[in-house]
Amino acid sequence: MTQPLAPPPKKNPARRTPVPTLPPAIRSRAALGLALAAAQGRFQLQTCTDCGAVQYPPRDACHRCLSTALVWQDQPRGAQLLAETTIHASPDPYFRERLPWRAGTVQLDAGPVALAHIHGDVARGARTRTALMLDRAGQGVLVALPEQETPHMQDDPALRAMGTHPSHRRILITDARAPEAPALTRALLDAGAAHVFLGLAERWRPFPAQPTLEAMKNVTLHPLDVTDADSVIDLAGSIGGKVDILINNARHIRPGGVITGTIHDASDALQKGALGLMRLAHAFGPALSARGADGVNSAAAWVTVLPAQSLAHDPGFAASTAAGAATRALSLSLRAELRAGGIRVLHVHAGPIDDDWHQPLPPPKLAPNALARAIVQGLEQGLEEVHAGDVARDIAERFAQNPALLAREMEGGA
Amino acid sequence: MARQGYDGVVLAAPFTEPYTRFSNETAHWWIARALRGSLRAAGLTPRDIDGFAVASFTLFPDTPVALTQHLGLSPRWLDSVPMGGASGIVALRRAARAVQAGDAEIVACVAGDTNPIDGFRKLLSAFSRFSLDASYPYGYGGPNASFALLMDRYMTEYGASRADFGHIAIAQRDNALRNPHALMKKPLSLDDYLTARPIAEPIALYDCVMPCAGAEAFLVMSEDRARALNLPFARISGTIERHNAFADDPIQLRGGWAVDVDELWQMAGMGPPDMDLVQTYDDYPVISALQFEDLGFCPKGEGAAFLAARDLTITGDLPHNTSGGQLSAGQAGAAGGFIGLTEAIRQVTRTAGPTQVADAARALVSGFGMINFDRGLCSAACVLEAPS
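Residues numbered from 1 in each chain as written. Chains lettered and ligands numbered in written order. Predicted model: local features only at pLDDT ≥ 70, side-chain atom pairs only at ≥ 80, totals over all residues. Heavy atoms only, no water.

Digging into the environment of Phe165 of chain B
Residue and element names in this part refer to chain B. The line we're drawing: Each helix is a run of DSSP H or I of at least 4 residues and each strand a run of E of at least 2, with the numbering of both proceeding from the N terminus. Contacts were defined at the residue level, with two residues in contact if any of their heavy atoms lie within 4.5 Å.
As for its placement among the helices and strands, Phe165 is situated in helix α7 (residues 162–176). For the pair Phe165 and Ile287, spaced 122 residues apart in the sequence, the C-alpha separation amounts to 9.8 Å. Beyond its immediate stretch of four places on either side in the chain, Phe165 contacts Met151, Tyr154, Met155, Ala160, Tyr193, Pro285, Val286, Ala289 and Ala304.

Some thoughts on the sheet that holds strand β14 (residues 344–350) of chain A
Residues and elements named next belong to chain A. This is how it is decided: When DSSP finds two or more bridges between a pair of strands, those strands are recorded as paired. For helices, the fitted axis covers only the stretch in contact; all axes are lines through C-alpha atoms, and the angles between them, taken along N-to-C directions, range from 0 to 180 degrees.
With parallel pairing, seven strands are arranged side by side in an open sheet as β11-β10-β9-β12-β13-β14-β15. Only two strands of the sheet have a single partner each, and these edge strands are β11 (219–223) and β15 (385–388). Taken pair by pair, the neighbouring strands of this sheet meet at an average axis angle of 20 degrees, ignoring direction. Lying over the sheet, helix α9 (residues 368–381) contacts β12 (245–248), β13 (301–307), β14 and β15, oriented at roughly 155 degrees with respect to β14.

A look at the nonpolar core
Counted only if it meets this: Put simply, a nonpolar core is a bunch of buried Ala, Val, Leu, Ile, Met, Phe, Trp, Tyr and Cys residues held in one set by side-chain atoms that sit within 4.5 Å of each other. For every residue, the accessible area obtained with a 1.4 Å probe (protein chains only) is divided by the maximum for its type, and the residue is called buried under 20%, exposed over 50%, and partly exposed between those limits.
Ranked by size, the top nonpolar core spans 100 residues in total, and within it Tyr56 and Val106 of chain A together with Tyr154, Phe165, Phe297 and Leu364 of chain B carry the most contacts. Residue contributions to this core peak at eight residues, all from helix α6 (residues 142–158) of chain B. When sequence neighbours within four positions are dropped, the list of residues in contact with Phe297 of chain B reads Trp265, Pro272, Met275, Val278, Phe292, Phe306 and Leu364 of chain B. In terms of nonpolar packing, the next biggest core, distinct from the first, is built from 51 residues, Val9, Ala98, Ala360 and Cys378 of chain B among them.

Quick look at the sheet that holds strand β2 (residues 51–55) of chain B
Residues and elements named next belong to chain B. Taken in spatial order, the nine strands of this open sheet run β3-β2-β4-β7-β1-β8-β11-β10-β9, and their pairing is mixed. Two strands bound the open sheet, and with one partner strand each, they are β3 (77–80) and β9 (277–279). On average, each strand axis in the sheet is tilted by 20 degrees relative to the strand beside it, whichever way the strands run. Examined bridge by bridge, β9 and strand β10 (residues 362–371) share three bridges and lie parallel to one another. The residue bridging Leu277 from the neighbouring strand is Ala363, located in β10. Its contacts with the sheet place helix α1 (residues 27–42) against β1 (9–20), β2, β4 (106–113) and β7 (213–222), and it is angled at close to 40 degrees to β7. Here helix α14 (residues 339–348) sits on the sheet in contact with β1, β7, β8 (233–243), β9, β10 and β11 (376–385), set at roughly 120 degrees to β1.

Focus: the interface of chain B and chain A
Definition in use: Buried area is a sum: the accessible area each of two parts loses on coming together, probed at 1.4 Å, counted once for each and added. Salt bridges are identified by distance alone: a Lys or Arg side-chain nitrogen within 4 Å of an Asp or Glu carboxyl oxygen. In protein, a polar contact means a hydrogen-donor-capable atom and an acceptor-capable atom, both N or O and within 3.5 Å, with residues adjacent in sequence counting only if both atoms are side-chain atoms; elsewhere, any N or O pair within 3.5 Å suffices. Only Asp, Glu, Lys and Arg are considered charged in this grouping, and only Ala, Val, Leu, Ile, Met, Phe, Trp, Tyr, Cys and Pro are considered nonpolar; every other residue, Gly among them, is considered polar.
The interface is formed by 28 residues belonging to chain B together with 39 residues belonging to chain A. A combined buried area of about 2,900 Å² lies between chain B and chain A, and 60% of that area is made up of carbon and sulfur atoms. The interface formed by chain B and chain A includes three salt bridges. The residue Asp152 of chain B makes a salt bridge to Arg124 of chain A at a minimum N-O spacing of 2.8 Å. Between the two partners, chain B and chain A, sit 17 residue pairs in polar contact (both at pLDDT 80 or more). When contributions to the side of chain B that touches chain A are tallied by element, the ones reaching two or more residues are α4 (119–125), α5 (129–134), α6 and β5 (198–200) of chain B. At six residues, the largest contribution of residues to the side of chain B that touches chain A is made by α6 of chain B. Class assignment of the residues belonging to the side of chain B that touches chain A gives a composition of 17 nonpolar, four polar and seven charged.

With respect to unusual backbone geometry
Residues and elements named next belong to chain A. Here the residue pair Tyr56 and Pro57 is connected by a cis peptide bond, since its omega of -5 degrees sits within 30 degrees of zero. Within the secondary structure, Pro57 sits in the loop between β2 (54–55) and β3 (70–74). That bond from Pro363 to Pro364 is cis: its omega, 0 degrees, falls within 30 degrees of zero. Of note in this structure, His168 is not a glycine but carries a positive phi near 65 degrees. One can find His168 in the loop between α3 (157–162) and β9 (170–173). Residue His168 is classed as buried on the basis of its relative accessible area of 16%.

Things to note about the packing of α7 of chain B against helix α11 (residues 285–294) of chain B
Angle between the axes and distance between the axes are the two parameters that describe a pair of packed helices. Residues and elements named next belong to chain B. Just so we agree on the cut-off: Under this scheme an angle from 65 to 115 degrees is roughly perpendicular, one under 35 degrees roughly parallel, and one over 145 degrees roughly antiparallel; angles in between are oblique.
Taken N-terminus to C-terminus, the directions of α7 and α11 make an angle of 95 degrees; their axes are 9 Å apart at the nearest point. It follows that α7 is roughly perpendicular to α11 by the angle criterion. Contacts from Phe165, Ile168 and Ala169 of α7 reach α11 at Pro285, Val286, Ser288 and Ala289.

Here's the deal with the domain arrangement of chain A
A common way to report how large an interface is uses the accessible area buried once the components associate. All names here are of chain A. This is how it is decided: These domain limits were set by an automatic method or by a database of domain assignments.
Considered domain by domain, chain A is made up of domain 1 (32–162) and domain 2 (170–411). The C-alpha centroid of domain 2 is placed 31 Å from the C-alpha centroid of domain 1. In this complex, domain 1 contributes 13 residues to the contact, which on the side of domain 2 involves 12 residues. Here domain 1 packs against domain 2, burying approximately 950 Å² in sum over the two surfaces, 43% of which is carbon and sulfur. It is Ala39, Leu134 and Arg136 in domain 1 that bury the most area against domain 2; as a group they hold 50% of the surface buried on that side. On inspection of domain 1 and its partner domain 2, the count reaches zero salt bridges.

Observations regarding α14 of chain B
Residues and elements named next belong to chain B. Summarising burial for α14: 10 of the 10 residues are buried, a large majority. Listing the buried residues of α14 in full gives Ile339, Gly340, Leu341, Thr342, Glu343, Ala344, Ile345, Arg346, Gln347 and Val348. Positive backbone phi, approximately 60 degrees, marks Arg350, located one or two places after α14.

A word on empty space enclosed by the protein
Residue and element names in this part refer to chain A. Our working rule: Think of a 1 Å grid over just the protein atoms. A cavity is a set of points where a 1.4 Å probe fits yet cannot get out, a pocket is an open set with protein on both sides within 12 Å along at least five of seven lines, and lining residues have an atom within 4 Å of a point. Grid points are joined across faces, edges and corners, and a volume is the space filled by probe spheres set on the points.
Summed over the entire model, instances satisfying the criterion amount to eight cavities of 30 Å³ or more. Reported here for the largest cavity is a volume of approximately 110 Å³. Around the largest cavity, the lining is made up of 15 residues, and of these Ala250, Arg251, Gly273, Pro307 and Thr327 lie nearest the centre. At the level of elements, α7 (263–290), β13 and α8 (318–339) are the ones that each hand at least two residues to the lining of the largest cavity. A per-class count over the lining of the largest cavity returns seven nonpolar, seven polar and one charged.

Some remarks on the pattern of salt bridges
Residues and elements named next belong to chain A. With the rule as written, the count across this model stands at 41 salt bridges over all chains. For Asp109, the salt bridge identified is with Arg127, shortest N-O distance 2.7 Å. With Asp109 in the loop between β5 (101–108) and β6 (113–118) and Arg127 in strand β7 (residues 127–134), the pair connects residues that are 18 residues apart, well separated along the chain. A relative accessible area of 42% places Asp109 in the partly exposed class. Ionic pairing is found between Glu202 and Arg205, a salt bridge with its closest N-O pair at 2.9 Å.

Digging into the packing of aromatic side chains
Cut-off, in case you're wondering: Here a Phe, Tyr or Trp ring, Trp counted by its six-membered ring, pairs with any other such ring whose centre lies within 6.5 Å, and the pair is stacked when the planes are under 30 degrees apart, edge-to-face when over 60, and tilted otherwise. Here, a charge over a ring is recorded when the distance from Lys NZ or Arg CZ to the ring centre is within 6 Å and its angle to the ring normal is within 35 degrees.
One pass over the structure, following the stated rule, counts 18 aromatic pairs over all chains. Seen from their ring centres, Phe292 of chain B and Phe297 of chain B are 5.2 Å apart, and the 75 degrees between their planes marks the pair as edge-to-face. The burial state of Phe292 of chain B is the same as that of Phe297 of chain B; both residues are buried. Site record: aromatic cluster; members linked through ring pairs are Phe147, Trp257, Tyr281, Tyr284 and Phe368 of chain B. A cation over an aromatic ring shows up here: Arg98 of chain A above the ring of Tyr94 of chain A, its NZ or CZ 3.8 Å from the ring centre. Over the aromatic face of Trp357 of chain A sits the side chain of Arg254 of chain A, whose NZ or CZ is 3.6 Å from the ring centroid.

Structure, rendered in structure tokens:
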């Protein structure tokens, strides 16, 4: 039985904040395939296209037939726990701070045998369900989970150490006016978030969700205009040390092509999207990075909400998707910078949302509720890449298959 | 085709450079000390050797090639043996064939490693690609955790108890108390063993070796040369070597010895009961038990019980790891692959001094090396015999 996490005590300012350490991060190029699968919550192993052998650890040639034609394929998640140990001594600083640590050997239904982190609710010799998850270093690792859900299972020390679950954490949503903000706030609180801060630009301008948000418990609205560096710095000065997860959902989506769109909209899209991310990173990044190991409510994640078309331009939304692409590029660099502090950067690619600015577009469109759910699930599962909605999933799949072909298709209005 | 024997080739001049827990010297220094010690024991100079085999983990950025210039050697036969716990026997096998074929007349086989503060962690951190990719990220217990899984499985599968393994460790400590160079100098009781602090369950403190600095060396030459030099020597009755055996076993409960054990005893013309002493690779007691099983002393799964019923001390009915082995003398990197071999040569040449087994004439030495991911990949064994 997993002990439920107790709410963390108030931070003692006289005590030193522990310096974040990371688990071993060096991997071979082949082994990075584990991180790619884990980033999306998939369970994939390296497979030989010539003889079909599934192998682990990842290699550069097939251990059965020496073929070098190796691909990553989804595999069954079942496994049998063959042996286990509880480690009480480690020369590695990260694990040393987290001992004792349970690890074991699992016989995967997919074929190979592997070492894995073992969830506390998995009994000796039991059947387990394995997952590939990202650890604090941002690397993909195998975790043997109980076959069935168990109470408070997300509070297991191993999962908490590697995950980004919202429970007990304080979360900043940068744009209270975005259509998904109320549903997202509700979903985060339902997932156990301790507090939700909402950023609100131009506070004098009312918006429909304001009364709902103001009435919610453990929710506060704060002046925040991501296009204004002073505003961002002011807010960071007041709550920066208490933000454990930052969800940057500020974005400016307007229809229009390169000829038919306005420079004004393009500038707004870049200011609010790409440069807004940079202002937020300047103001909140250092405190996030420094608090990556700060107990139960350690800083854990940065979420960037992106238009699905940040992977490929949409001529109907030229400036907005260009700003999306710029935001994505900056956020990828931010991911590398924040990784040193153990902070995960989650990209949520949102298909066209069902709002005024996408009004003439045909379905499927993404309900704000669905986007909110996708963000929270991404955090609960500790992912790096989430594609919310059918359009976003479709674009991601086509992007993975052939980016040039996807670009052509987008030009045709697909 | 039956394998050719090792007639006419012998081992001589075993030398152990006393180990230290930590050292600021380099592997080069340790290897030089052991080589010099062995050559002095044989009454030779560096110019007299024309073959050189080296095992070391801490020579970086050098290799044995650079070592020739560093130490002023000019061999016509040079080998690097990266096989950890199997490196002593593998070096012996290669050197013996070189001498037999005339490619070299005298081969010095040397293993040495240093151990600065924090050196063991650094050594581990770049040990192998599979370790980096698939072992260290899971709690970074190092070899302790890898062998804890093996021991956990072994105990579940065969019903062995921790006390059975304690018997092995305790006997070795007893032996080590006679070895003035052993790092462990206090007696070990079963109670000490059973109540020791856990390291990686079921492995506790006294299942583990102490990483240290040290070096070992011996010479391989023709029997005629050894006689001319008036050196005591040991003959090689049989040897085997195997890598990545039983790759499909989900957890390693047997090693490569089980593939080749019949050939070993056939070649030696003797069997397990003929051995006056046994030197196994003892990074953990469970591994020693595995070797007794795979080398034919008892059936699979009965190793721990078989050993628990024997007296494994120097004066016992089955003397085992007579210098204290790695568990009590220390694990000096790749020299851990030589420690049993140099001691066995001393034993059958009756030069072991305080650890001498009375009337020792035949010894089995076993090597086991290199946990690449979840198991040791290299296994080797040899039977040594005193000249009749």
